[in-house]
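# Examination of the molecular architecture
This is what each chain is made of:
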Amino acid sequence: MSTSGTPQFRYTQTPSKVLHLRNLPWECTEEELIELCQPFGKIVNTKCNVGANRNQAFVEFADLNQAISMVSYYASSSEPAQVRGKTVYIQYSNRHEIVNNKSPGDVPGNVLLVTIEGVEAGDVSIDVIHLVFSAFGFVHKIATFEKAAGFQALIQFSDSDTASSARNALDGRSIPRYLLPEHLGSCHLRISYSAHTDLNIKFQSHRSRDYTNPYLPVNPTAIEGIVQPALGPDGKKKEPESNVLLASIENMQYAVTVDVLHTVFSAFGTVQKIAIFEKNGQTQALVQYPDLTTAAVAREALEGHCIYDGGYCKLHLSYSRHTDLNVKAFSDKSRDYTIPDASLLAAQQASSLPPAPPVWQNPQSAQMYPGNDFGATAAAHAQIPRGQVASWDPNMQAGRLTFVPAASSYPSQNFAAASVPAYATAATSGGSLPLSQRSPITSGVPSSVITQPGVPPNLRPGGASPPGVQPGGVSPPGQSYYGQ
DNA sequence: AGCACA
């Protein structure tokens, strides 16, 4: 009964009316296929956007000789077959008819997947997209995101008729020039249907909008219309403050566990969540405080310091773009201290192997993208072709972490410091930071945070500690951590 | 850069 006996393809192909085309550009349209193939004969069927990358297609000619003529032409031509400047490779298909030419993107629905070619995310605002598509009916929701294919938007209409009229009118067309920044050339729209029927928008932001729900909260780190990062007085990009710190750990001679980090960072306030991950071979961690001020204090105090004496495990701190991490409550790489009885979860976690893959690996279950700030992008993940995991850091494949590492998944976002509400100023105005009494570290070697090298603080919880060494997290900030 | 759909 198995169908897996035959090889996937053969190196010698018998001629077929059906040609297999690969290395096509993303979202290649049927029109483009026809333009390429019809000089050789009558095309009776096509199937576009095939394969994991949606860059393959099939074309069926009315007559075998027409297919043969196309293959032979390009076999001896000095000019390769091209679509949109990409060389297209043509072979006989190993089938002799196209049985079903409907691609998922061709099945009508009320949600359109729009790819805007040749632009970056900041070039076309969500308001422009809304304006363009509103011409065809009430736009319920828009979610924008960047994927390998480029800048994309999911646009939700009431029904598939409205969506179809928009698709028919706009597919392959360009957004009017006057709606775009001057530096842009043409930007064509490629439109297909999404399998979604209802987008899950969690915030009004510059990347997602729900026009049916004006009371939806505005994402404080993604307020609409602010695309350019705020500039500091020196003209350099000013780093947006955040209650979440990104810690890079340099010279990691000792294991830095979640417990170690918790100990270190708890000196400045309640640590809500921690996630450790690898990035470019370096260990990094996200540490979440309840507020900006605490994060700012911790950042000031710890920047450049080492967790252990001797220059080991040196911390470099910056603000994360996250405001609320979505982490496993208890794993070896993450902790959510806001969940009571996390330790109980630990036992269950430990016994269940292998760890469940993050939901985004499964397009079927990608309807809900749990807890990240960009709920709207949940829908985007359903667009990941079957079996393909998008451009995720391979280290994440361990499946331990469910938070989204911003840098790898949303490469081009620019959250503006200016968009942070008023309380941000509290963090920067602090002439009276609790730690300001510490002497500035002028020598090249900052003092360590934990004064006993090689003795992880988590091994000495609370109680008895060697003379002169404070158990981590117990002392108020600014005292013994920097004593000698 | 290498074959869809059930």
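Note: the structure precedes this text.
To start, this report covers the structure provided alongside it.

Calculation criteria
- Residues numbered from 1 in each chain as written.
- Chains lettered and ligands numbered in written order.
- Predicted model: local features only at pLDDT ≥ 70, side-chain atom pairs only at ≥ 80, totals over all residues.
- Heavy atoms only, no water.
- Helix = DSSP H or I, 4+ residues; strand = E, 2+ residues; numbered from the N terminus.
- Contact = heavy atoms within 4.5 Å.
- Areas by Shrake-Rupley, 256 points an atom, 1.4 Å probe, with all protein chains shown as cover.
- Buried < 20%, exposed > 50% of the residue type's maximum accessible area, 1.4 Å probe, protein only.
- Pairing = 2+ DSSP bridges.
- Axes fitted to C-alpha atoms, helices over the stretch in contact; angles between N-to-C directions.
- Core = buried A, V, L, I, M, F, W, Y, C linked by side-chain atoms within 4.5 Å.
- Phe/Tyr/Trp six-rings, centres within 6.5 Å; stacked < 30°, edge-to-face > 60°.
- Lys NZ or Arg CZ within 6 Å of the ring centre and 35° of its normal.
- Expected span 1.5 Å × (residues − 1).
- Arc of directions from axis to C-beta.

## Side note on the overall build of chain A
From N to C terminus, chain A includes 10 helices and 18 strands. Here the contacts in chain A between residues at least 6 apart in sequence split such that 70% fall between residues at least 24 apart. With an accessible surface of roughly 23200 Å², chain A has 53% of that area assigned to carbon and sulfur atoms.

## Considering the environment of valine 327
Following the sequence through the fold, valine 327 ends up in the loop between strand E16 (312-319) and strand E17 (334-336). Using a relative accessible area of 8% as the deciding quantity, one classes valine 327 as buried. When the C-alpha atoms of valine 327 and isoleucine 276 are compared, they prove to be 9.9 Å apart, with 51 residues separating the residues in sequence.

## Thoughts on the sheet that holds strand E6 (residues 89-92)
Strand pairing in a sheet takes place through backbone hydrogen bonds and is either antiparallel or parallel in direction. Across the sheet, four strands lie side by side as E2-E3-E1-E6; this open sheet has antiparallel pairing. The open sheet has two edge strands, strand E2 (43-50) and E6, and neither has a second partner. On average, each strand axis in the sheet is inclined to that of its neighbour by 20 degrees, with strand direction left out of account. Alignment of strand E1 (residues 18-22) against E6, held across four bridges, turns out to be antiparallel. Residue arginine 22 lies in a different strand from E6, and its bridge partner there is tyrosine 89. Contacting E1, E2 and strand E3 (56-61), helix H1 (residues 30-37) runs over the sheet at an angle of about 130 degrees to E2. Set on the sheet, helix H2 (residues 64-76) makes contact with E1, E3 and E6; between it and E6 the angle comes to about 140 degrees.

## Here we look at the nonpolar core
The nonpolar side chains of soluble globular proteins are, as a tendency, buried together. Ranked by internal contacts, the top residues of the largest apolar core, which has 29 residues, are Leu261, Phe265, Phe268, Tyr289, Ile307 and Leu315. Elements represented by at least two residues in this core include exactly strand E12 (244-250), helix H5 (258-265), strand E13 (273-279), strand E14 (282-288), helix H6 (292-302), strand E15 (306-308) and E16. At six residues, the largest contribution of residues to this core is made by H6. Contacts of leucine 315, omitting those with residues within four sequence positions, involve Ala247, Ser248, Ile249, Val264, Phe265, Leu302, Glu303, Gly304, His305 and Ile307. Of all hydrophobic cores here, the second largest spans 27 residues; its members include Ile116, Val119, Ala166 and Leu184.

## Describing the packing of aromatic side chains
For the structure shown, the criterion picks out five aromatic pairs. Between tyrosine 254 and tyrosine 312 the ring centres are 5.2 Å apart and the planes differ by 80 degrees, which places this aromatic pair in the edge-to-face class. Note that tyrosine 254 is positioned in the loop between E12 and H5 and tyrosine 312 in strand E16, a separation of 58 residues in sequence. In this structure tyrosine 254 comes out as partly exposed when scored by relative accessible area, which is 27%. Ring-pair connections join several aromatic residues into one group, and the members of that group are Phe40, Tyr73 and Tyr74. The positively charged end of arginine 54 is found above the aromatic ring belonging to tryptophan 26, 5.9 Å away from the centroid.

## Let's talk about H2
The end-to-end C-alpha distance of H2 is 19 Å, a good match for the 18 Å that 13 residues give at a rise of 1.5 Å each. Of the residues making up H2, those classed as buried are Ala67, Met70 and Val71. Within H2, the buried residues cover an arc of 90 degrees as seen down the axis, which keeps them to one side. Summarising the geometry of H2, the exposed residues directed more than 90 degrees from the buried face are Asn65 and Ser76.

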